[in-house]
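The primary structure of each chain is shown beneath.
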Amino acid sequence: MCPVKINAGFIIMKGLSKYFEYQISTFLVFVIFLLVVGCKKEDETEKKIAQLELDVRVHRFDREFATAQPKDIPDLKSKYPYLFPAQFPDSIWEAKLTDTLQVELSDEVNNAFGDFLKETEELELLFKHISYYFPKTSPPKVITLISDVRYEDRIILTDSLLLVGLDNYLGKEHRFYQSIPRYIAQGLDKKYLVSDIASAFTKKVLKFPRNRTFLSRMVYYGKELYLKDKLLPYNSDAQIINYTEEQIEWAQNNEEQVWRYFVERELLYSTESSLDRRFLDPAPFSKFQLALDNESPGRLGRYMGWQIVRAFMEKNPKVQLIELLDLPADELFKKSNYKPKR
């Protein structure tokens, strides 16, 4: 479904000339025409993607291990050799089968995900989009597992393997996450699972900029989020950037003020490394060093970079996704004519 929404409220004042009314009508017809054409193009693309045949298989190692007996360990090692480091004897894995924490984690994952069918469908749709935009990419073998809540490694993607630690997606209030900082625990929810996988893919196709300016970093993350726009067209903006609904609303409502802050303090071409910590790195809030800090979400520099890239692509619709990835940040920014929403 095309995401464009038209909210038209027009008051035609008494005495308005017929010519002016005609100009308004003509302009509206033109705008609606462009929106309809854009929607049709998007719908056609989504139809093509939906028709792609893709074999995405999810291997539930977490369930296989949870129901295994000691005698099953050699077979599991043969089937999943990359999950059993050679330096550990079988006795370690046999003990883990009955480990209280392991059993509890398995039960909680089973309660949260069940048969994993919904997530499997979302994964298949994601990899169809990846296949469409990056036809040389083959879908990896997907393995779900228990990672002992190693949230920093909850998604591991190689050319042929995707490892997904399901125990990192039980919901921010889960008792297993009580000692984890709240701004990190917020993202440990299954509504962000496919978004995290998309992020892992973008890091494989996007090169981190050598240019050390704040603008180049912002645009890098903006490209990542725009790429996720295309790979996850049915996800909300909040899911794509891993914000809550309140955080995305704050970012949208304060976009102009944030941009003015960056411009007035001449931060765009600054190479101060502290700007990454203040506005790009995961954090409980962005650091303007103002009273409003605690109200703001973290990573606002990424959000602003996202809006710059969106503005560029709106004005340059013929630019292909592959071309966008290598476009220098300074050139992209100048051609975007970005102006924040008021």
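Described below are features of the structure shown in this document. From a predicted model like this one, the values you see are computed outputs, not experimental measurements. (Residues numbered from 1 in each chain as written. Predicted model: local features only at pLDDT ≥ 70, side-chain atom pairs only at ≥ 80, totals over all residues. Heavy atoms only, no water.)

## A word on the pattern of salt bridges
What the rule picks out here adds up to 19 salt bridges. Its salt-bridge partner being Asp229, residue Arg310 comes within 3.0 Å of it at the nearest N-O pair. With Arg310 in helix α14 (residues 300–315) and Asp229 in helix α9 (residues 214–231), the pair connects residues that are 81 residues apart, well separated along the chain. Residue Arg310 is classed as buried on the basis of its relative accessible area, which comes to 17%. With its nearest N and O atoms 3.4 Å apart, the salt bridge here joins Arg260 to Glu256. (Salt bridge = Lys/Arg side-chain N within 4 Å of Asp/Glu carboxyl O. Helix = DSSP H or I, 4+ residues; strand = E, 2+ residues; numbered from the N terminus. Buried < 20%, exposed > 50% of the residue type's maximum accessible area, 1.4 Å probe, protein only.)

## Overview of the packing of aromatic side chains
One pass over the full model with this rule turns up 22 aromatic pairs. Their ring planes at 80° and their centres at 5.0 Å tell us that Phe84 and Trp93 sit as a pair that is edge-to-face. On the accessibility criterion, Phe84 (6% relative accessible area) is buried. A relative accessible area of 11% places Trp93 in the buried class. Both rings, one in Phe208 and one in Tyr221, keep their centres 6.4 Å apart while their planes meet at 70°; by these two values the pair is edge-to-face. (Phe/Tyr/Trp six-rings, centres within 6.5 Å; stacked < 30°, edge-to-face > 60°.)

## Side note on the nonpolar core
Formed by 81 residues in total, the largest nonpolar core has its most connected members in Leu162, Ile197, Met218, Trp259, Phe262 and Tyr303. The leading source of residues in this core is α9, at ten residues. The residues touching Trp259, leaving out its near neighbours within four places in the chain, are Met218, Leu268, Met304, Ile308, Phe333, Tyr338 and Pro340. Counting 14 residues, the second-largest nonpolar core is a separate cluster that includes Ala68, Tyr80, Leu83 and Trp93. (Core = buried A, V, L, I, M, F, W, Y, C linked by side-chain atoms within 4.5 Å. Contact = heavy atoms within 4.5 Å.)

## Considerations on the sheet that holds strand β3 (residues 155–157)
Here we have four strands laid out as an open sheet, ordered β1-β2-β4-β3, and mixed in their pairing. A single partner strand is all that each edge strand has here, and the edge strands are β1 (58–60) and β3. Neighbour to neighbour, the strand axes of the sheet diverge by 15° on average, direction disregarded. Relative to strand β4 (residues 161–165), strand β2 (residues 141–145) is paired through five bridges, and the arrangement is parallel. Residue pairing in the sheet places Ile143 in a bridge with Leu163 of β4. (Pairing = 2+ DSSP bridges. Axes fitted to C-alpha atoms, helices over the stretch in contact; angles between N-to-C directions.)

## Structural notes on α14
Note on helix geometry: an α-helix contains 3.6 residues per turn, so any two residues three or four positions apart are oriented the same way. For α14, which comprises 16 residues, the first-to-last C-alpha distance of 23 Å matches the rise-based estimate of 22 Å (1.5 Å per residue) to within 8%. Of all the 16 residues making up α14, 14 are buried; the element is thus mostly covered by neighbouring parts of the structure. (Expected span 1.5 Å × (residues − 1).)

## Points about helix α11 (residues 245–253)
Those residues of α11 not exposed but buried are Gln247, Ile248, Trp250 and Ala251. Each buried residue of α11 lies within a common arc of 155° when the element is viewed along its axis, so the set occupies one face. Exposed side of α11, more than 90 degrees from the buried face: Glu245, Glu246 and Asn253 are the residues found there. Among the structural elements, α10 (237–241), α12 (255–264) and α14 are those in contact with the buried residues of α11. (Arc of directions from axis to C-beta.)

## Re the pairing of β4
Burial analysis of β4 places five of its five residues in the buried class, the great majority of the element. The alternating pattern of β4 places Leu161, Leu163 and Gly165 and Leu162 and Val164 on opposite faces, both of which are buried. Inspection of the sheet shows β3 paired to β4 by three bridges, in the antiparallel sense. Bridged to Leu157 within β4 is Leu162.

## Some details on the packing of α14 against helix α16 (residues 329–336)
For the pair α14 and α16, interaxial distance at closest approach is 8 Å and the crossing angle is 65°. The element α14 and its partner α16 pack so that their crossing is left-handed. In this structure, α14 uses Ile308, Val309, Ala311, Phe312 and Lys315 to contact α16, whose residues at the interface are Leu332, Phe333, Lys335 and Ser336. Broken down by class, the residue content of the contact of α14 with α16 amounts to six nonpolar, one polar and two charged. (Left-handed = near helix turned anticlockwise from the far one by under 90°. Nonpolar A, V, L, I, M, F, W, Y, C, P; charged D, E, K, R; others polar.)

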